[in-house]
Amino acid sequence: MTPEEFSEKLNEIHKKKCESATLEIKTAAKGCPKRLYDTLSAFSNQDDGGVIVFGVDEDAGYLEQGVYDAQDLQKRINEQCLQMEPIVRPLLTVVEKDGKNFVAAEIPGMDIAERPCYYKGQGRVRGSYVRVGDSDEPMTEYEVYSYEAFRRKYQDDVREVPRATPAMLDSEKVKEYIALLKEGKPNLANLGDPEIRELMSITRMETVTLNACILFCPYPQAFFPQLCITAVVIPGKELGEVNDQGARFIDNRRIEGSIPQMLDGALTFLKRNMKKMTIINARTGLREDRTEYPITAVREAVLNALVHRDYSIHTEGMPIQIRMFEDRLEIRSPGGIYGRLRVNQLGKVQPDTRNPVLAAALETLGVTENRYSGIPTMRRELREYGLREPEFTDNRNEFCVCFYNAGSGDAEREAKEMQRAEEDLIAFCRTPRSRKEICDYLGLSSSAYAMKKHVQPLIDAGAIHMTMPEKPRSAKQKYYS
C-alpha cells in the first residue's frame, strides 16, 4: 500500500478500534513479536490475504505507540516469513506519523494449489491456520486434507472398499449399467465385462470401489453407516425449538440405500412434509395444487448433495442433513466447495468436479445430466415460484443450500431488525459490560442464552471483545466493543 493508504488505515483503526478477518494489529514497541506464524498462515490461506499493522497497542485502547526500529522490524518479519512453507513474500510499508514510525506487512493470499501455507517448525497439520473473525484458528485435519486432495487430484469416489466383494453387488444392476456404457462406444463394447468393470472403476484389482458400492450394493450402509441422509422437520425457525407437545421434531427420518434410492426417499419425505396451496394458473385459468417449494429445485439440491459431497475417510461418518424449518429448507452436505470455485461464481463458472467417476456413472444411469445446470435450475424454479433466490453457504467443512418459503417474506425486514439490534448492542458495549448487564439490556432471563444467541456471534465477527480473553468463563469477564 502507499504511505497515504497506510495513514488512512491507521485512522480507520483508531476510529473502529477492532481487528477483522483481514487486519491484525501488533504493538512492536519493544521488539518484533516472536510469533507471527499463525497470522502469516491464516492470511496466506484465504483469498483476500490480510494486513498486519505494527505500532498500535490494542490492549491500551489502540494507542499509536510506533515501532522500536522500523528497519530491524522489517528484517525480523522477513525472517519469520522464510520459516513458512511455501515461503511468504510480504509487501512492507513504513510510514511516519507524529514523529513515530509504523510498519504494515501485506500478506497475499496464496493460490489454492499451494495451500495450506504452514509454519515449518510445526508441520503441515499442526502449523496450518485459518482466519475466523479476528482470530487465527488451527485448521482441522480435514481442511488440510481438502487442499491436498485438490492439489493431488485424489479420487475418493473410487477408493477401494476392502470388505466388499463383487458378489455383494446387485448383478442385474451392474449388467444393465455395463450395457448402457457400451451404447455408442464400439471400442468399449469389444471388451469383456471383467475388463470393463476394472476400466470403469466398478472394481479395482477385483475389489469393489465406493462408487460401485453406493450405486449397486443393496445396502451400502452396511459398509458406511453414515453415508445416508438424516431428515427432520423442526417446529420453529431454529434448532431446539419445540411444539406445544414438547416435540423437537415433527418428522424425523433416516434415509438409506443406494444414491437413486436415497434421492427418491428424500423427495418422498419432503413432499410429505411440504405445505400445499391451491392457486389459479395465470396462463390456463385452471386451479392447481402448488407445493411449498418447487420440486424440481428441491430435487437438484438433494442430488447435488449426493453427487458432490465429500466421500473421503474424513467425512464418511457425516450424513447429508435435510432440515425443514417454518420459514426455510436447508440441505447440508459434508465438504465445502471443491477447488477454486467461490460461492459468488456458482452456476456461472464451470466447477472442478470432486467425484468425476460417480458423476459420470449417474449420468449414464440417467439420474443426472452432469452439465452443471443444477444451480441455474434452482434459481429459475424459485424465481418462477415468486420465492427468494437460493442461499448458498460454504462453511469450514460443510456446504449448505437454503430455500426460503413464501411465509418468509418478512425475512428481509427481520434481518434488518436483527442488524439494528446488533448495532445497538455494540453501542451499549462501548463501555465494558458484564453478562448480567447485557442480559438485562436485552430483556432476557437467561444469561447463557443471551451470550450464545446475541454476544458470541459478535465476538466471532470481531465486533465485541472480552476484557479477559485468556479466562473466557471468568465471573469477572466483561465485554466491550
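Each remark here, short or long, concerns the structure printed above.
Just so it is clear, the structure is predicted and the values come from calculations on it, not from any experiment.

Trainee: What is the right way to read the overall build of the protein from this model?
Mentor: Helix and strand content of the protein: 16 helices and 22 strands. Projected onto the principal axes, the alpha-carbon positions of the protein cover approximately 80 × 55 × 45 Å. Within the span of the protein, comprising 481 residues, buried residues form 44% of the whole. The long-range fraction of contacts in the protein, counting pairs at least 24 apart against all pairs at least 6 apart in sequence, stands at 65%. Total accessible area on the protein is roughly 24800 Å²; 49% of this is exposed by carbon and sulfur atoms. Computed over 68 positive and 74 negative side-chain charges, the separation of the two mean positions in the protein equals 2 Å.

Trainee: I keep staring at helix α6 (residues 171-182) and nothing clicks. Help me out?
Mentor: Counted at 1.5 Å a residue, the expected span for α6 with its 12 residues is 16 Å, and the 17 Å between its end C-alpha atoms agrees. Every buried residue of α6 is listed here: Val-174, Tyr-177, Ile-178 and Leu-181. Buried residues of α6, viewed axially, fall in a sector of 100°; they line one side. Where α6 is buried, its residues meet α7 (186-189), α8 (193-199), α9 (210-216) and α12 (356-364). For α6, the side-chain oxygen to backbone nitrogen distance between the N-cap and Glu-172 is 3.1 Å, and the N-cap itself is Asp-170. Once α6 ends, the next one or two residues include Gly-184, with phi positive near 75°.

Trainee: Looking at this structure, how should I read the packing of aromatic side chains?
Mentor: Ring pairs (aromatic) are described by centroid distance and by the angle formed between their planes. Per the stated rule, a full pass over the model turns up seven aromatic pairs. Measuring from ring centre to ring centre gives 5.2 Å for Tyr-177 and Phe-216, while their planes differ by 40°; the resulting arrangement is tilted. Placement of Tyr-177 in helix α6 and of Phe-216 in helix α9 is noted, with a sequence separation of 39 residues between them. Of the two residues examined, Tyr-177 and Phe-216, each falls in the buried class. For the ring pair Phe-392 and Phe-399, a centre distance of 6.2 Å and an interplane angle of 10° mean the geometry is stacked.

Trainee: How should unusual backbone geometry be read in this particular structure?
Mentor: In most cases, non-glycine residues show a negative phi, while peptide bonds are predominantly trans. Cis geometry is found at the peptide bond from Glu-85 to Pro-86, where omega equals -5°. As for its position among the elements, Pro-86 is in the loop between β5 (84-85) and β6 (91-97). Cis geometry marks the peptide bond from Arg-115 to Pro-116; its omega dihedral reads 0°. Its identity as a non-glycine residue notwithstanding, Asp-98 has a phi of 50°, on the positive side. Along the chain, Asp-98 turns up in the loop between β6 and β7 (100-107). For Ser-201, which is not a glycine, the phi torsion comes out positive at approximately 60°. Exposure remark for Ser-201: the relative accessible area of 12% places this residue in the buried category.

Trainee: What exactly am I supposed to notice about the side chain of Gln-477 here?
Mentor: With respect to the helices and strands, the residue Gln-477 is situated in the loop between β21 (465-466) and β22 (479-480). By relative accessible area, Gln-477 is classed as buried at 1%. Reaching out from Gln-477, the side chain makes a polar contact with the backbone nitrogen of Thr-467 at a distance of 3.1 Å. Beyond its immediate stretch of four places on either side in the chain, Gln-477 contacts Arg-433, Ser-434, Arg-435, Met-466, Thr-467, Met-468, Pro-469, Lys-471 and Pro-472.

Trainee: Which parts of the structure should I look at to understand the packing of helix α15 (residues 435-442) against helix α16 (residues 447-460)?
Mentor: To describe two helices that pack against each other, one gives the angle between their axes and the distance between the axes. Closest axis-to-axis distance for the α15/α16 pair is 9 Å, and the angle between their directions is 80°. Between α15 and α16, the angle is such that the two are roughly perpendicular. Here Arg-435, Ile-438, Cys-439 and Leu-442 of α15 lie close against α16, whose contacting residues are Ser-447, Ala-450, Met-451, His-454 and Val-455.

Trainee: What is the right way to look at the nonpolar core in this model?
Mentor: Generally speaking, a soluble globular protein has its nonpolar side chains buried in company with each other. Val-302 and Phe-403 are the most contacted members of the largest nonpolar core, which totals 65 residues. Examining the composition of this core, we find that eight residues originate from one element, helix α11 (residues 295-308), more than from any other. Beyond its immediate stretch of four places on either side in the chain, Val-302 contacts Ile-229, Leu-263, Ala-266, Leu-270, Ile-322 and Ile-331.

Trainee: Looking at this structure, I do not really get the environment of Phe-224. What am I missing?
Mentor: Tracing the backbone shows Phe-224 in the loop between α9 and β13 (229-233). You can call Phe-224 buried: its relative accessible area is 7%. Separated by 209 residues in sequence, Phe-224 and Arg-433 have C-alpha atoms that sit 49 Å apart. Non-local contacts of Phe-224, meaning those with residues more than four positions away in its chain, are made with Arg-159, Val-161, Leu-210, Cys-213 and Glu-316.

Trainee: Any chance you could explain the sheet that holds strand β17 (residues 320-324) here in plain terms?
Mentor: The strands that make up a sheet are held in pairs by hydrogen bonds between backbone atoms, and each pair lies either parallel or antiparallel. Reading across the sheet, the six strands line up as β14-β13-β17-β18-β20-β19 and stay open at both edges, with mixed pairing between neighbours. Of all the strands in the sheet, the pair left with one neighbour each is β14 (251-255) and β19 (391-394). Here the average twist between neighbouring strands, direction ignored, is 10°. Inspection of the sheet shows β19 paired to strand β20 (residues 398-404) by four bridges, in the antiparallel sense. Across the sheet, Phe-392 pairs through a bridge with Val-401, a residue of β20.

Trainee: How should the pattern of salt bridges be read in this particular structure?
Mentor: Where charged atoms from two side chains of opposite charge come close, those side chains can pair. In total, this model carries 30 salt bridges according to the counting rule given. Close ionic contact of Glu-381 with Arg-380 constitutes a salt bridge, the shortest N to O distance being 3.6 Å. Arg-380 sits in the partly exposed class, given a relative accessible area of 35%.

Trainee: Got a minute to help me understand the state of the cysteines in this structure?
Mentor: Disulfides are covalent bonds that link the sulfur atoms of two cysteine residues. Across all of its chains, the model carries zero disulfides by this definition. Of the cysteine sulfurs around Cys-32, a residue in no disulfide, the closest is that of Cys-81, at 9.4 Å. For Cys-32, a relative accessible area of 16% puts it in the buried group. No disulfide involves Cys-429; its sulfur sits 12 Å from the nearest other cysteine sulfur, which is in Cys-439.

Trainee: Sorry, what's going on with the sheet that holds β7 here?
Mentor: One open sheet holds the four strands; their spatial order is β1-β2-β7-β6, and the pairing between them is mixed. The sheet is open, and its two borders are formed by β1 (23-26) and β6, each paired with just one other strand. Each adjacent strand pair in this sheet contributes to an overall mean axis angle of 20°, direction not counted. Pairing between strand β2 (residues 50-54) and β7: five bridges, direction antiparallel. Within the sheet, the bridge partner assigned to Val-51 lies in β7 and is Glu-106. Helix α2 (residues 37-44) rests against β1, β2 and β7 of the sheet, and its axis sits at about 150° to β2. Together, β2, β6 and β7 form the strand contacts of helix α3 (residues 70-81), whose direction differs from that of β7 by roughly 20°.

Reading guide: rules and limits
Residues numbered from 1 in each chain as written. Predicted model: local features only at pLDDT ≥ 70, side-chain atom pairs only at ≥ 80, totals over all residues. Heavy atoms only, no water. Helix = DSSP H or I, 4+ residues; strand = E, 2+ residues; numbered from the N terminus. Buried < 20%, exposed > 50% of the residue type's maximum accessible area, 1.4 Å probe, protein only. Contact = heavy atoms within 4.5 Å. Areas by Shrake-Rupley, 256 points an atom, 1.4 Å probe, with all protein chains shown as cover. Lys, Arg positive; Asp, Glu negative; His and termini not counted. Charge placed at Lys NZ, Arg CZ, Asp CG, Glu CD. Expected span 1.5 Å × (residues − 1). Arc of directions from axis to C-beta. Polar contact = N/O pair within 3.5 Å; in protein donor to acceptor, adjacent residues only side chain to side chain. Phe/Tyr/Trp six-rings, centres within 6.5 Å; stacked < 30°, edge-to-face > 60°. Axes fitted to C-alpha atoms, helices over the stretch in contact; angles between N-to-C directions. Parallel < 35°, antiparallel > 145°, perpendicular 65-115°, else oblique. Core = buried A, V, L, I, M, F, W, Y, C linked by side-chain atoms within 4.5 Å. Pairing = 2+ DSSP bridges. Salt bridge = Lys/Arg side-chain N within 4 Å of Asp/Glu carboxyl O. Disulfide = S-S within 2.5 Å.

As far as function goes, none of this settles anything; it's purely spatial.
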